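Chain residues, written in single-letter form:
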Amino acid sequence: MSRSAHPAGPRHGDVLPEGHYAGPPADLNTLDPHVWSRTVRRDADGVVTVGGLAVTALAEEFGTPAYFLDEEDFRARCRAWKDAFGADADVFYAGKAFLSRAIVRWLNEEGLNLDVCSGGELATALAAGMPAERIALHGNNKSTEEITRAVEVGVGRIVLDSFQEIVRVAHIAEKLGKRQPVQIRVTVGVEAHTHEFIATAHEDQKFGIALAGGQAAEAVRRALKLDGLELIGIHSHIGSQIFDMAGFEVSARRVVQLLAEVRDEHGVELPEIDLGGGLGIAYTSDDDPREPHEIAKALGDIVTRECEAAGLRVPRLSVEPGRAIVGPTAFTLYEVGTVKELEGLRTYVSVDGGMSDNIRTALYDAEYSVALVSRASDAEPMLSRVVGKHCESGDIVVRDAFLPGDVAPGDLLAVPATGAYCRSMANNYNHALRPPVVAVKDGAARVIVRRETEEDLLRLDVG
Ligand SMILES: Cc1ncc(COP(=O)(O)O)c(C=O)c1O
Ligand SMILES: N[C@@H](CCCC[NH3+])C(=O)O
């Protein structure tokens, strides 16, 4: 799914195209700092460490497969986003990327807000002490129970996604004697350059209310009439894993245009806009993500300029990065089980996880990097496909990668940039046990989400 998508991938003997597949990197032992989290190093003895701990020792203590999350990196990214957007804006971490109580506590400590999109995420946020007024609730089909809980606890905003929901949230709030702050999610008609399944601002999809045809203006009209709702702003999220700022700029411009129309029609200047998340990260050395300060400047400038042109007060801006904060902070550690060389094709390296801990390759054709981390090697590069252990030929973790030709059973491989949408989309296919998430910082490691056990599986299966 990165911009260098190459569906079939190269094979031994192919004339490889320019770019990612043009050939093996000069040194397979070097770890690209764009792709690995900030405390990851390869020691003099060839073993990779994170937070000062060797992956060999981590594998021994916590087992494989497992996600290792670099807490220092996570906190640094939170701070970078917070500092970049400053005191006049809010950063809502998108919990769908990965959420646990430890994450909520770190967010709280770093001063970030939280976007949740289900009752489960809301419960986790509240259980870990996130103040309700710093939580936003999303979703295209929130249940009555989810809305009721959110209104009862007093979430800072509910993002309305349909005409039915405008009425539903208003009724629930009125019944509870409350006036719920809400934003309306609009689809701005931008074709974001990303995988079709994760683009969300073109008109033909399930999220939001279209600006086109005056639908969003009608939603505003209805929301303003309802006593249970306090309409505080307009929301737009254009998709995910996006590198090009142009889509965000068009989105910002169209959202500001709607604010101007609302002012002209109703005499009301809505005080907030949210431009969503979706900023891309580096999964491979080819990816070139924007830094938070560049993003903040681009968005801030366009909103200010458009508001000045329309004679509007500049609204409070918020953003909702998920992947860009947690994605680069973790890697998945696997043990190699079998190595199968298919003459004239490629070498299949099977690891002890797969599509149950990372569905993204199968689902979006996502590209990842991989490295041998339990030792250094000077062996010749071998064009490899890293696959999982599931009964499915599409069970691919890394479609095309160069690994040292002497990779063998028992070696540890790590796939970087798996902090977002891997544990949170993990599944139990083939009754796989979902791996733990282990936070590592300053030479200490601790489990923040434990490994699933067979007892967990059997407890759900009530016979
Ligand atoms: C409404 C909303 N906000 C924020 C996000 C977070 O996106 P990302 O993790 O790509 O930053 C998403 C997911 O795409 C989303 O749907
Ligand atoms: N789950 C997707 C992104 C969807 C984001 C949520 N709207 C991914 O792994 O890239």
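Just above sits the structure.
Residues numbered from 1 in each chain as written. Chains lettered and ligands numbered in written order. Predicted model: local features only at pLDDT ≥ 70, side-chain atom pairs only at ≥ 80, totals over all residues. Heavy atoms only, no water.

Caption draft 1: Layout of the overall build of the chain. Within the chain one finds 12 helices and 21 strands. Scaling as 2.2 N^0.38, a compact globule of 463 residues should have a C-alpha radius of gyration of about 23 Å, and the chain matches this with 23 Å. Across its three principal axes, the chain shows a C-alpha extent of roughly 70 × 50 × 40 Å. Among the 463 residues that make up the chain, the fraction classed as buried is 56%. (Helix = DSSP H or I, 4+ residues; strand = E, 2+ residues; numbered from the N terminus. Rg over C-alpha atoms; globule rule 2.2 N^0.38 Å. Buried < 20%, exposed > 50% of the residue type's maximum accessible area, 1.4 Å probe, protein only.)

Caption draft 2: The pairing of strand 9 (residues 180–187), seen in detail. Counting buried positions along strand 9 gives eight out of eight residues, so the element sits mostly inside the fold. Residues Q180, V182, I184 and V186 of strand 9 are buried on one face, and the alternating residues P181, Q183, R185 and T187, pointing to the opposite face, are buried as well. For the crossover that starts at strand 8 (residues 157–160), traverses helix 6 (residues 163–175) and ends in the parallel strand 9, the hand is right-handed. The pairing of strand 9 with strand 11 (residues 229–235) spans six bridges and is classified as parallel. Opposite R185, over in strand 11, you have H235 as the bridge partner. Pairing between strand 9 and strand 10 (residues 209–210): two bridges, direction parallel. Note that in strand 10 the partner of V186 across the bridge is I209. (Right-handed = clockwise from strand over helix to strand, strands pointing away. Pairing = 2+ DSSP bridges.)

Caption draft 3: Region of interest: the site of ligand 2. Near ligand 2 lie eight residues; those nearest to it are R323, R360, Y364, Y421 and M425. Contacts to ligand 2 include R360, whose side-chain N or O atom sits 2.5 Å from an oxygen atom. When the free accessible area of ligand 2 is taken as 310 Å², the share hidden by the protein chains comes to 84%. In the shell around ligand 2, the residues fall into four nonpolar, one polar and three charged. (Near = heavy atom within 4 Å. Polar contact = N/O pair within 3.5 Å; in protein donor to acceptor, adjacent residues only side chain to side chain. Areas by Shrake-Rupley, 256 points an atom, 1.4 Å probe, with all protein chains shown as cover. Nonpolar A, V, L, I, M, F, W, Y, C, P; charged D, E, K, R; others polar.)

Caption draft 4: Region of the structure containing the side chain of K142. Summarising the element assignment, K142 is placed in the loop between strand 7 (135–137) and helix 5 (144–153). Residue classification places K142 among the buried positions, given a relative accessible area of 3%. Within polar-contact distance, the side chain of K142 engages the backbone oxygen of V159 at 2.6 Å. Within the structure, the side chain of K142 is placed 2.5 Å from the side chain of E165, a separation counted as a polar contact.

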